[in-house]
Amino acid sequence: MKKKFYLGIVLTALLFSCANETEKAPDNEKVQSEAQAFLDNYTKEFQTLYANSSEAEWKSNTYIKEGDTLTAYETGVANEALAGFTGSELNINEAKKFLAQKEFLSTIQIKQFEGILYAAANNPAIVKDLVKERIKAETAQNDKMFGFTFHIDNKEVTPNDIDKIMGEETNVVKRQKAWEASKEVGKELKAGLNNLQQLRNKTVQALGYDDYFAYQVSEYGMTVDEMRKTTQQMIKDVWPLYRELHTYARYTLAKKYNVPIPEMLPAHWLPNKWGQDWSGLVNVEGIDLDGVIKEKGPEWIVKTGEEFYMSLGFNKLPQTFYEKSSLYPVLATDDFKKNTHASAWHMDLNNDVRSLMSIIPNTEWYETTLHELGHIYYYMTYTNKDVPPLLRAGANRGFHEAMGSLMGLAAMQKPFLQGLDLLGKDVKTDETQVLLKEALNYVVFLPFSAGVMTEFEHELYSNNLSPEQYNAKWWELSKQYQGIVPPTERGAEYCDAASKTHINNDAAQYYDYAISYVLLFQFHDHIAKQILKQNPHATNYYGSKETGEFLQSLMYSGSSKDWRALMKEKLGSEMSAKPMLEYFEPLMQYLKKENEGRVHTLPESL
């Protein structure tokens, strides 16, 4: 009796289920069809407005002329049009409506609708006047930042001039003047940053985000606590090595400048204005690329970069890249300035790709160019029939940076340089010094990016840091995470954080770069060991089609796949700093010996 009863229930359930599936099928097709029609229409309008905004922003960054108000006006109009569309109540409501029926949608449709809502949160029409005000403020901040004229001893200098002094000058007084000159722009930007801090928070809060920092983090599918835990762990992982590097730098620079050994590193002693890259402290004997590259010229750098990617199986750059990019510094005879920070642009989410650089023929720009071309080839690879325009982005934002940085690392390895005839075949180099130079770039960067920048912007947006505390908090974090202090007391009138481009116009996402450095060593470790079967410290990617296929497999899907799933699928692991630590393990042993008897001033752990 019980068996018959249960069987009856099962049969009834099966019949009901089949009938229900029959009813659902047309609903499924109908909702999917309606959703796709909406997505197609949205995408068409979005791409047009996005391209218009990109063009306006491109001009704002490549043609900065005193007294020119038209460019800023046109940029504001284009950005407002894009913001008005992405943040429209109609689009928000439609996206929410379809996501409420997500059981009927395909995964790729769901991802697009989630992306639409994410974009809307930055420009919600329900606070249209606020969005308009924020766009105007961002444009004004950009103009002020890149239109600023730097002076040393009342003489006008360029950012490249300051970088040259920071890289070469041994007179600490002259170094301090250059460093202080580089920070003067912060005072001009302080009020604008405070305005943007409030406007950015209020904008995203209109759609339910706690603050702008939380909004940016959400694109990773993470909470603020999860992201901060991740970035703090990165610093903890590299801290023992960073501590040794910090001690090494204090003693090395004190000897170089013939001054007493400091407790903490004075900011103006370092070869980088923010202390994020100390690689200039080491010149590896046998590797003097500047002289060779200078003879070859800036155009050679770009063409060589393109040939490298093509050797891996990537396509030739489109001719429009060369026609429309702004690759070299403005001339002394030009009556305008431009943004001197290197960047890559996907103008229309289709085939118009460009780069904004100020290439001069030296090692730094050689490496930077390879990095920027990594972004360009990422754009080109995920611009394909399987990835809708709305999902043409990195698997996460850090992935994009990882691709660029990976190629920068690969392009500086000895066998690669020898293959390009930048180094002689028989040149002898001290491999420990090579490793030291790399660590002074990659390892040193993590406390700055995952620590100082991330925690400052968390304070700025999540804790609503007051303008009076901007500079004090910046230097508190610099000392805590980097062991770096300013040359003199820097009062509240300064805003040294704002001298960093990203604080103003790429806000609350600098941890992308920290994540990218961890990822790049995972990618490099896989390529070296699994594909090339080479020592990770001495690889040559050039001509390896298998390496190119692996990279393209990471790039191809854009953001249409979850980044964690992609990591497991392609590398069989989660994000981890272990490969980075393994790479630098031989250096750790060297530094411990080098620092024997020296005083460490950073704590053993954070």
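Fair warning: this is a prediction, and the values are worked out from it, not measured in the lab.

**Observations concerning the packing of helix 16 (residues 431–461) against helix 23 (residues 585–594)**
Interaxial distance between helix 16 and helix 23 falls to 10 Å at its minimum, and their mutual angle equals 100 degrees. Between helix 16 and helix 23, the angle falls in the class roughly perpendicular. Across the interface between the two elements, T432, Q433, L435, L436 and A439 from helix 16 touch P586, L587, Y590 and L591 from helix 23. When its residues are assigned to classes, the contact of helix 16 with helix 23 shows 7 nonpolar, 2 polar and no charged.

**Observations regarding a nonpolar patch on the surface**
Where nonpolar side chains cluster on the molecular surface, the patch consists of L70, Y73 and V77 and spans about 310 Å² of accessible area. Relative to the elements of secondary structure, L70 occurs in helix 2 (residues 70–86).

**A closer look at helix 13 (residues 363–382)**
The first and last C-alpha atoms of helix 13 sit 29 Å apart over 20 residues, in line with the 28 Å expected at 1.5 Å per residue. Counting buried positions along helix 13 yields 16 of 20 residues, so the element is predominantly enclosed. The distance from a side-chain oxygen at the start of helix 13 to the backbone nitrogen of E364 is 3.3 Å, and the residue carrying that oxygen is N362.

**Brief notes about the pattern of salt bridges**
Under the counting rule described, the total for this entry stands at 28 salt bridges. Residue K273 pairs with D163 through a salt bridge whose shortest N-O separation is 2.5 Å. You can see K273 sitting in the loop between strand 3 (265–266) and helix 10 (289–296) and its partner D163 sitting in helix 6 (residues 159–168), a full 110 residues away along the chain. Notably, a salt bridge pairs K187 with E184, separated by 3.1 Å at the nearest N-O pair. Of the two residues, K187 and E184 both sit in helix 7 (residues 172–205), 3 residues apart, roughly one turn of that helix. Ionic contacts of the salt-bridge type, sharing partners, join the residues E55, K324, D352 and R354 into one network.

**Notes on the side chain of S53**
Its place among the elements puts S53 in helix 1 (residues 2–62). Residue classification places S53 among the buried positions, given a relative accessible area of 8%. Contact partners of S53, with chain neighbours within four places excluded, come to A78, N79 and L82.

**Overview of the environment of G221**
Within the element layout of this structure, G221 appears in the loop between helix 8 (212–218) and helix 9 (224–257). G221 gets classed as exposed once you look at its relative accessible area, which sits at 55%. Remark: the alpha-carbon pair of G221 and N396, spanning 175 residues in sequence, is separated by 9.5 Å. Leave out the neighbours within four places in its chain, and G221 touches E226 and R564.

**A word on unusual backbone geometry**
Apart from glycine, the bulk of residues carry a negative phi angle, and the bulk of peptide bonds sit in the trans form. Phi at L349 is positive, roughly 55 degrees, even though this residue is not glycine. In this structure, K533 takes a positive phi of about 55 degrees despite not being glycine. Relative to the assigned elements, K533 resides in the loop between helix 19 (511–532) and helix 20 (545–555).

**A short note on the pairing of strand 5 (residues 353–356)**
Note on strand geometry: in a regular strand, side chains alternate between the two faces of the sheet. Of the two faces of strand 5, the one holding V353 and S355 and the one holding R354 and L356 are both buried throughout. The pairing of strand 4 (residues 343–346) with strand 5 spans 4 bridges and is antiparallel. Opposite W345, over in strand 5, you have R354 as the bridge partner.

**Some thoughts on the packing of aromatic side chains**
Scanning the entire structure with this criterion turns up 46 aromatic pairs. Taking 5.9 Å as the distance between ring centres and 10 degrees as the angle between the ring planes, the aromatic pair formed by Y42 and F46 counts as stacked. Placement of the pair is Y42 and F46 together in helix 1, with a separation of 4 residues, close to one helical turn. Comparing Y42 with F46, the two get one shared label, buried. Between Y309 and Y377, the aromatic rings sit 4.6 Å apart at their centres with planes inclined by 15 degrees, giving stacked as the arrangement.

**Looking at the side chain of S54**
By the element assignment, S54 lies in helix 1. What S54 contacts, discounting residues up to four positions off in sequence, is W345, H346 and M347.

**Focus: the nonpolar core**
When a protein is soluble and globular, its nonpolar side chains tend to lie buried together. Counting 151 residues, the largest nonpolar core has L245, W278, Y366, F399, F523 and F584 as the members making the most contacts within it. Considering every element that reaches this core, the biggest residue donor is helix 16, with 17 residues. Among the nonpolar cores identified, the runner-up in size contains 18 residues, and V31, L82, I110 and L349 belong to it.

**Looking at helix 23**
Those residues of helix 23 lying buried are L587, M588 and L591. Along the axis of helix 23, the buried positions cluster into a sector of 105 degrees, meaning they face one direction only. On its buried side, helix 23 packs onto helix 9 and helix 16.

**As for the pairing of strand 4**
The alternating pattern of strand 4 places S343 and W345 and A344 and H346 on opposite faces, both of which are buried. Counting the residues in the hairpin turn of strand 4 and strand 5 gives 6 residues, including L349, whose phi is positive at 55 degrees.

**Re the confidence of the model for the protein**
For the protein, the average pLDDT comes to 93, and 96% of its residues sit at 70 or higher. Note on residues 1–24: pLDDT under 50 across the span, and 1 contact to partners over four residues away in sequence or across chains.

What counts and what doesn't
- Residues numbered from 1 in each chain as written.
- Predicted model: local features only at pLDDT ≥ 70, side-chain atom pairs only at ≥ 80, totals over all residues.
- Heavy atoms only, no water.
- Axes fitted to C-alpha atoms, helices over the stretch in contact; angles between N-to-C directions.
- Helix = DSSP H or I, 4+ residues; strand = E, 2+ residues; numbered from the N terminus.
- Parallel < 35°, antiparallel > 145°, perpendicular 65-115°, else oblique.
- Contact = heavy atoms within 4.5 Å.
- Nonpolar A, V, L, I, M, F, W, Y, C, P; charged D, E, K, R; others polar.
- Patch = residues over 30% accessible without salt bridge, like charges linked within 9 Å, V, L, I, M, F, W, Y side chains within 5 Å.
- Areas by Shrake-Rupley, 256 points an atom, 1.4 Å probe, with all protein chains shown as cover.
- Salt bridge = Lys/Arg side-chain N within 4 Å of Asp/Glu carboxyl O.
- Expected span 1.5 Å × (residues − 1).
- Buried < 20%, exposed > 50% of the residue type's maximum accessible area, 1.4 Å probe, protein only.
- Polar contact = N/O pair within 3.5 Å; in protein donor to acceptor, adjacent residues only side chain to side chain.
- Pairing = 2+ DSSP bridges.
- Phe/Tyr/Trp six-rings, centres within 6.5 Å; stacked < 30°, edge-to-face > 60°.
- Core = buried A, V, L, I, M, F, W, Y, C linked by side-chain atoms within 4.5 Å.
- Arc of directions from axis to C-beta.
- pLDDT = per-residue confidence, 0-100.

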